[in-house]
Amino acid sequence: MSDQVLVQVSERVATITLNRPEARNALNRALLDELVGAMAAADANADVDVLVLTATDPVFCSGLDLKELEPGGSLDIATLTREGDPWPRLAKPMIGAINGAAVTGGLELALRCDVLIASEKATFGDTHARVGILPFWGLTIALPRAVGFRMATLMSLTGNFLDADDALRLGLVAAVVPHADLPARAHELAADITSNDQPAVRALLAAYRATAALTGADAIKAEQDRALAWQSQGFDAEELARRRAAITARGRAQRG
């Protein structure tokens, strides 16, 4: 494993850190594969009860590395949809400690966590429509469940960002803390979980997930089919680069 994903296990908590800050922790093929492997390994580790997912500053994750999303690239949509849902089915709870912007695929990754807490610097945005692609990792299923159908639709159609306080108000995150306190707060919550009966924790978590995702697999498949059909209409790499730059500039302007 390279240093794009850092893993530390302490006191029955595995902290998994995205560590590609020079690329805003964008998910290239290597990072995606390492992250999936790290999550699965932590879930299988008998010395781990809770996972904490976070990232090296300044952002949490800007989504897929769009340079690798071009046709024939290692992350083209046809390949990704053939691979299905990339994320392992975890038996153990995962806390997302969101230290900065969680954008598009990064937002989808955050939504895979069972509990989210946020730094005061965190923001959340879905820019699929600004890039000109459709989601295929379950965003149209998970985001409405997190913030409500109307707000999820508004986020996706506008591409506007939520700040940390709005995310708390809407129930997307459970707490907002000073940036420097985020790791400690995440581990306090993890310690609360590890102090319980772990078979009961995992059974209760499985019950919540089963209730929330009664039609999840079919819904994700339908979302992926739409994304693949959309992408097959054509792909302009130069236009994608222009849109990527515009999104970055707009995000900076919205953050003031």
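Here, every reference points to the structure presented above.
Residues numbered from 1 in each chain as written. Predicted model: local features only at pLDDT ≥ 70, side-chain atom pairs only at ≥ 80, totals over all residues. Heavy atoms only, no water.

A.B. asks: Help me out: how do you make sense of the state of the cysteines in this one?
C.D. replies: Linking two cysteines covalently via their sulfur atoms produces the bond known as a disulfide. Inspection of the entire model under this criterion finds 0 disulfides. Cysteine Cys 113 remains unbridged, with the sulfur of Cys 61 as its closest cysteine sulfur at 11 Å. Among the residues examined, Cys 113 registers a relative accessible area of 9% and is labelled buried. (Disulfide = S-S within 2.5 Å. Buried < 20%, exposed > 50% of the residue type's maximum accessible area, 1.4 Å probe, protein only.)

A.B. asks: What exactly am I supposed to notice about the side chain of Gln 4 here?
C.D. replies: Along the chain, Gln 4 turns up in the segment before β1 (5-10). Given the relative accessible area of 13%, Gln 4 is considered buried. (Helix = DSSP H or I, 4+ residues; strand = E, 2+ residues; numbered from the N terminus.)

A.B. asks: What am I meant to see in the side chain of Ser 119 here?
C.D. replies: Here Ser 119 lies in strand β6 (residues 115-119). On the basis of relative accessibility, which here comes to 0%, the residue Ser 119 falls in the buried class. Apart from residues lying up to four places away in sequence, Ser 119 is in contact with Ile 98, Asn 99, Ala 164, Val 176, Val 177, His 179 and Leu 182. (Contact = heavy atoms within 4.5 Å.)

A.B. asks: What am I meant to see in the pattern of salt bridges here?
C.D. replies: Between side chains of opposite charge, pairing is possible as soon as their charged atoms come close. In total, this model carries 10 salt bridges according to the counting rule given. For the salt bridge of Arg 242 with Glu 239, the shortest nitrogen-to-oxygen distance reads 2.7 Å. Separated by 3 residues within a single helix, Arg 242 and Glu 239 lie in helix α11 (residues 237-255), roughly one turn from each other. Salt bridges linked by common partners bring Arg 12, Asp 49 and Arg 202 together as one network. (Salt bridge = Lys/Arg side-chain N within 4 Å of Asp/Glu carboxyl O.)

A.B. asks: Any chance you could explain unusual backbone geometry here in plain terms?
C.D. replies: The peptide bond linking Asp 57 to Pro 58 adopts the cis configuration, its omega dihedral lying at 15°. On the secondary structure map, Pro 58 appears in the loop between β3 (50-55) and α2 (77-83). The phi dihedral of Arg 24 falls on the positive side, at around 55°, and the residue is not glycine. With respect to the element layout, Arg 24 can be found in the loop between β2 (13-18) and α1 (29-44). Note on Arg 24: relative accessible area 26%, which makes it partly exposed. For Thr 104, which is not glycine, the phi dihedral falls at a positive 55°.

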